[in-house]
Amino acid sequence: MRLTLHLKAPELTTMNELVYGAVFRDGSILAQATTIPGNIDITAFEAIKSRSSAERTSHIHLAGYDFFILHDTTGLDFIIAADPTVSQCSVETALRNLQTLFFQSFPQRWRTAP
């Protein structure tokens, strides 16, 4: 069972250009939200797999979107997909908001979620 994380303004939906947000652990999605139809989660997984394991943050362009990944010290990967026109600063703020929202919503439960 996935954890349900409702991303609402201002985390994801305040800018139409931010189309996807998710939290991954070891390649599994713990929580996600999207503003577009389709299988963007599959593309996000590809972005996670291709990120440099040595880097704390990564930026990967796939399927017409820019994927920004923050690898947390807990081993979680926070990812935002955005239209390429969105500034990196805006996406980095959204990533930090996603990280904060996730830990506030699931302070311990995420550790045992399948």
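Residues numbered from 1 in each chain as written. Predicted model: local features only at pLDDT ≥ 70, side-chain atom pairs only at ≥ 80, totals over all residues. Heavy atoms only, no water.

## A few points about unusual backbone geometry
Phase 1: The phi angle at aspartate 26 is positive, at roughly 50°, despite the residue not being glycine.
Phase 2: Locating aspartate 26 in the fold gives a position in the loop between strand 1 (18–25) and strand 2 (28–34).
Phase 3: Relative accessible area serves as the criterion here: at 72%, aspartate 26 is assigned to the exposed category. (Helix = DSSP H or I, 4+ residues; strand = E, 2+ residues; numbered from the N terminus. Buried < 20%, exposed > 50% of the residue type's maximum accessible area, 1.4 Å probe, protein only.)

## So, helix 2 (residues 88–105)
Phase 1: Across its 18 residues, helix 2 extends 25 Å between first and last C-alpha, which sits within 8% of the 26 Å expected from 1.5 Å per residue.
Phase 2: Those residues of helix 2 that fall on the buried side of the exposure criterion are Val91, Ala94, Leu95, Leu98, Gln99, Leu101 and Phe102. For helix 2, the angular spread of the buried residues around the axis is 170°, confining them to a single face. Along helix 2, the residues that are exposed and aim more than 90 degrees away from the buried face are Cys89 and Gln104.
Phase 3: Of the surrounding elements, those touching the buried residues of helix 2 are strand 1, strand 2, strand 4 (65–71) and strand 5 (76–82). (Expected span 1.5 Å × (residues − 1). Arc of directions from axis to C-beta. Contact = heavy atoms within 4.5 Å.)

## A few points about the sheet that holds strand 1
Phase 1: Within the open sheet, the 5 strands sit side by side as 2-1-5-4-3. Their pairing is antiparallel. Bordering the open sheet on either side are strand 2 and strand 3 (57–62), each of which pairs with just one other strand. Looking at each pair of strands side by side, their axes are set apart by 20° on average, direction ignored.
Phase 2: Against the sheet, helix 2 touches strand 1, strand 2, strand 4 and strand 5, its axis set at about 140° to strand 5. (Pairing = 2+ DSSP bridges. Axes fitted to C-alpha atoms, helices over the stretch in contact; angles between N-to-C directions.)

## Some details on the nonpolar core
Phase 1: The biggest cluster of nonpolar side chains holds 19 residues, and the ones touching the most others in it are Phe78 and Phe102.
Phase 2: Those elements giving two or more residues to this core turn out to be strand 1, strand 2, strand 4, strand 5 and helix 2.
Phase 3: The leading source of residues in this core is helix 2, at 5 residues.
Phase 4: In terms of nonpolar packing, the next biggest core, distinct from the first, is built from 14 residues, Val19, Ala22, Ile40 and Ile79 among them. (Core = buried A, V, L, I, M, F, W, Y, C linked by side-chain atoms within 4.5 Å.)

## Brief notes about the packing of aromatic side chains
Phase 1: Per the stated rule, a full pass over the model turns up 5 aromatic pairs.
Phase 2: Pairing phenylalanine 102 with phenylalanine 103 gives two aromatic rings, centres 5.8 Å apart and planes at 70°, and the pair type is edge-to-face.
Phase 3: Centroid distance phenylalanine 103 to tryptophan 110: 5.9 Å. Interplanar angle 65°. Geometry classified as edge-to-face.
Phase 4: Looking at phenylalanine 103, the relative accessible area reads 25%, which means it is partly exposed. (Phe/Tyr/Trp six-rings, centres within 6.5 Å; stacked < 30°, edge-to-face > 60°.)

These figures come from the coordinates and say nothing about function on their own.
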